Amino acid sequence: MHSARFQIETLRFGTASVARHMATLTERAQLRMRRLHTLVWAPLAGALGQSRRVLIIPHAQLGSLPFAALDDGECCLGQRYELALAPSARVALRGFLRQPASALRALVLGESTRLPHAAVEARLVAGLFPQATIYVGDEATLDALRAHAGDADVIHLACHAQFRSDNPMFSALYLRDGALTAEEVEALSLGPCTVVLSACETGLADHGSGDENIGLVRAFLVAGAARVLASLWPVDDAITAGFMSQFYRALCQGSAPAAALRIAQAEIMRQHPHPFYWAAFTLHGRW
């Protein structure tokens, strides 16, 4: 597990210094993904049968594993299955009691103070929806989010984020006028929407001594969201823009979020095979 994360995060600080070694780095990362497939996934193959949709409730450190990138030697899991994760069985069952909303009305916020391309990304995303409310720059505030989040089918937040390992409930998204902590997220009243957290490491969580992963993803699910798309590591701005374009185009054309995620991952993987580029975003909640 640690070896796989090490190989993926060799690209964490950019590719300029390692560009000539990209083929080797990609091969090493894929090798680690095949080994993890053998250890983690292969023993489950018989029980899965012909299933094509799988909900994973990962235990402890497996919560930071990019399951979509696990490779059986023929293809990766992200192209074989529609995958979703849940922080606990309790949260998963709660989510299945609510019918997810169709992707019609979008609330999009882009805060560029510490994420320079956030406003550009926000405008791109908003332009794909027939009904979109967008706030960028000084208007991308906590009040704007709180005022409109309950009416949105899709909430897209492009901003800086921080995971707090010392207290995961203080993990936060940073908008123009302050931080929205995981504790405050739980107090939001959301419909069964899809939330996309387009920020660094929003999918990280504290595993503690129990079976529930605590962090921003769980907080949005507790607040009522049906699904949350979040990242396991920092991602390249330009590639993220392309990823989001593919994801939302498929979503707006009627694909379920898990299917839209597969489409976006496949397109980015075709151009950039290293898992760092295409496997960072994971879907939580429902397919």
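Everything that follows concerns the structure shown earlier in this document.
Residues numbered from 1 in each chain as written. Predicted model: local features only at pLDDT ≥ 70, side-chain atom pairs only at ≥ 80, totals over all residues. Heavy atoms only, no water.

## Some thoughts on the pattern of salt bridges
Should the charged atoms of two oppositely charged side chains come close, the side chains can pair. To keep things clear, this is the line we draw: One side-chain nitrogen of Lys or Arg within 4 Å of one carboxyl oxygen of Asp or Glu is enough to make a salt bridge. Put simply, DSSP H or I for four residues or longer makes a helix, DSSP E for two residues or longer makes a strand, and each gets a number counted from the N terminus. Partly exposed describes any residue whose relative accessible area lies between the buried limit of under 20% and the exposed limit of over 50%, with all areas from a 1.4 Å probe on protein chains only and scaled to the type maximum.
In total, this model carries 9 salt bridges according to the counting rule given. Arg176 is the salt-bridge partner of Asp138, the closest N and O atoms lying 2.2 Å from each other. Linking Asp138 in the loop between β4 (131-136) and α7 (142-148) with Arg176 in the loop between β7 (172-175) and β8 (178-181), this pair joins segments that are 38 residues apart in sequence. Between Arg218 and Glu186 there is a salt bridge, with the nearest N and O atoms lying 2.7 Å from each other. Linking Arg218 in helix α9 (residues 216-222) with Glu186 in the loop between α8 (182-185) and β9 (194-198), this pair joins segments that are 32 residues apart in sequence. With relative accessibility at 14%, the residue Arg218 sits in the buried group. Shared partners join several salt bridges into a network, and the residues in it are Asp72, Glu74 and Arg80.

## Details of the nonpolar core
Rules: In this text, buried Ala, Val, Leu, Ile, Met, Phe, Trp, Tyr and Cys residues form a nonpolar core when linked through side-chain atoms within 4.5 Å. Between two residues, a contact is recorded if the distance between any of their heavy atoms is within 4.5 Å.
In this structure, Trp41, Leu83, Phe243, Phe247 and Tyr248 are the most contacted members of the largest nonpolar core, which totals 58 residues. Counting residues per element, this core draws most heavily on helix α10 (residues 237-252), which supplies 7 residues. Those residues in contact with Phe243 that lie beyond four places of it in its chain are Leu229, Leu261, Ala264, Gln265, Ile268, Trp278 and Phe281. Judged by nonpolar contacts, the second largest core, of 36 residues, contains Leu145, Cys159, Ala161 and Ile214.

## Some points on the packing of helix α6 (residues 118-126) against α10
What counts, and what does not: The angle between two axes is taken between their N-to-C directions and runs from 0 to 180 degrees, where each axis is a line fitted to C-alpha atoms and a helix contributes only its stretch in contact. To sort the angles, those under 35 degrees are grouped as roughly parallel, those over 145 as roughly antiparallel, those from 65 to 115 as roughly perpendicular, and the leftovers as oblique. We call a crossing left-handed when the near helix sits turned anticlockwise from the far one by less than a right angle, and right-handed when that turn is clockwise.
Closest axis-to-axis distance for the α6/α10 pair is 10 Å, and the angle between their directions is 15°. As far as their axial angle goes, α10 and α6 are roughly parallel. Pair α6 / α10 crosses with right-handed handedness. On the side of α6, the interface is formed by Glu121, Leu124 and Val125, while α10 contributes Thr240, Ala241, Met244, Ser245 and Tyr248.

## What about α10?
To be explicit about the condition: For a helix, the expected span equals 1.5 Å multiplied by the residue count minus one. As used in this structure description, the phrase polar contact means that two N or O atoms lie within 3.5 Å; if the pair is within protein, one of them must be able to donate a hydrogen and the other to accept it, and residues adjacent in sequence are counted only when both atoms belong to side chains.
With 16 residues, α10 should reach 22 Å at 1.5 Å per residue; the first-to-last C-alpha distance of 22 Å fits that figure. Of the positions making up α10, those classed as buried are Ile239, Thr240, Phe243, Met244, Ser245, Phe247, Tyr248, Ala250 and Leu251. Its side-chain oxygen placed 3.0 Å from the backbone nitrogen of Ala238, Asp236 serves as the N-cap of α10. Looking one or two residues beyond α10, the residue adopting positive phi is Gly254, at roughly 110°.

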